[in-house]
Amino acid sequence: VQLQASGGGLVQAGGSLGLSCAASGRTFSSYNMGWFRQAPGKEREFVAAISGSGSGTYYADSVKGRFTISRDNAKNTVYLQMNSLKSEDTAVYYCAARLGPWVRVGSSEFHYWGQGTLVTVSS
C-alpha cells in the first residue's frame, strides 16, 4: 500500500488542523492505520491508531482528548483531527499502515509509511 499524507501547515496555539492520508490499493480496510510524529531532534513517536474496521482507536496520552483519528474505507483515507494544539505538537506527522493484530504502537511494527507533513504550532 502507498500512503500520501496532506493537510499540514501553520496554526496558532489553541487552534485546530486536520490531516489526511490517502492510500492506494483495494484492501485498505485490512490495514490498521497509525499516525506518528517526529519533532526536531527527537525520536519518532506514536500519536494515534485505528483498526481496519474503524471500531478500535488508541491514543498517546499526550494527545488524548485533543486529537481524533478516523477513517473512511470507501475513500481509502485516514484522518487526524487535531484540536487545542500546543507548541509541543509541532512536528512532521506521518501516517503508517500495518497488517496483523490490533493494537500495536511501535513504529517498527508498521510496514508502510507516507512521506510526512509538517505541522507548526506557533505560541
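Here, the structure is the one placed above.
What comes next concerns the included structure. (Residues numbered from 1 in each chain as written. Predicted model: local features only at pLDDT ≥ 70, side-chain atom pairs only at ≥ 80, totals over all residues. Heavy atoms only, no water.)

## Digging into the overall build of the protein
Check the secondary structure of the protein and you find 0 helices and 11 strands. For the protein, the sequential pattern of α-helices and β-strands runs β-β-β-β-β-β-β-β-β-β-β. The C-alpha radius of gyration computed for the protein amounts to 13 Å, which stays within 12% of the reference 14 Å derived for 123 residues, consistent with globular compactness. Dimensions along the principal axes, computed over C-alpha positions, put the protein at roughly 40 × 25 × 25 Å. Of all 123 residues assigned to the protein, the portion counted as buried reaches 42%. Only carbon and sulfur atoms are counted for the fraction: they give 47% of the accessible area of the protein, which is about 6,100 Å². Charge centroids of the protein, computed over 11 positive and 7 negative side chains, lie 6 Å from each other. (Helix = DSSP H or I, 4+ residues; strand = E, 2+ residues; numbered from the N terminus. Rg over C-alpha atoms; globule rule 2.2 N^0.38 Å. Buried < 20%, exposed > 50% of the residue type's maximum accessible area, 1.4 Å probe, protein only. Areas by Shrake-Rupley, 256 points an atom, 1.4 Å probe, with all protein chains shown as cover. Lys, Arg positive; Asp, Glu negative; His and termini not counted. Charge placed at Lys NZ, Arg CZ, Asp CG, Glu CD.)

## Some points on the pairing of strand E1 (residues 3–6)
Of the two faces of E1, the one lined by Leu 3 and Ala 5 is fully buried and the one lined by Gln 4 and Ser 6 carries no buried residue. Pairing analysis gives 4 bridges linking E1 to strand E3 (residues 17–23), with the strands arranged antiparallel. Directly across from Leu 3, in E3, lies its bridge partner Ala 23. (Pairing = 2+ DSSP bridges.)

## Regarding the state of the cysteines
Think of a disulfide as a covalent bridge from one cysteine sulfur atom to another cysteine sulfur atom. Within this structure, the stated rule accounts for 1 disulfide. Each sulfur in the disulfide pair Cys 21 and Cys 95 lies 2.0 Å from the other. Here Cys 21 and Cys 95 share a disulfide; its torsion about the S-S bond, 60°, makes the bridge right-handed. Pair noted here: Cys 21 is in strand E3 and Cys 95 is in strand E9 (residues 91–98), with a separation of 74 residues, a long-range link. (Disulfide = S-S within 2.5 Å.)

## A closer look at the nonpolar core
Grouped together as the largest cluster of nonpolar side chains are 35 residues, with contacts concentrated most on Met 33, Trp 35, Leu 80, Met 82 and Tyr 93. Among the elements of the structure, E1, E3, strand E4 (32–38), strand E5 (45–50), strand E7 (67–72), strand E8 (77–82), E9 and strand E11 (117–122) are those that each provide at least two residues to this core. Discounting residues that sit within four places of it in the chain, Tyr 93 has contacts with Leu 19, Trp 35, Phe 36, Arg 37, Val 47, Phe 67, Leu 80, Met 82, Gly 116, Thr 117 and Val 119. (Core = buried A, V, L, I, M, F, W, Y, C linked by side-chain atoms within 4.5 Å. Contact = heavy atoms within 4.5 Å.)

## Side note on the sheet that holds E1
Read from one edge of the open sheet, 4 strands run E1-E3-E8-E7, paired in antiparallel fashion. Each edge of the open sheet is held by one strand with a lone partner, namely E1 and E7. Taking each pair of neighbouring strands and ignoring which way they run, the sheet shows an average axis angle of 15°. (Axes fitted to C-alpha atoms, helices over the stretch in contact; angles between N-to-C directions.)

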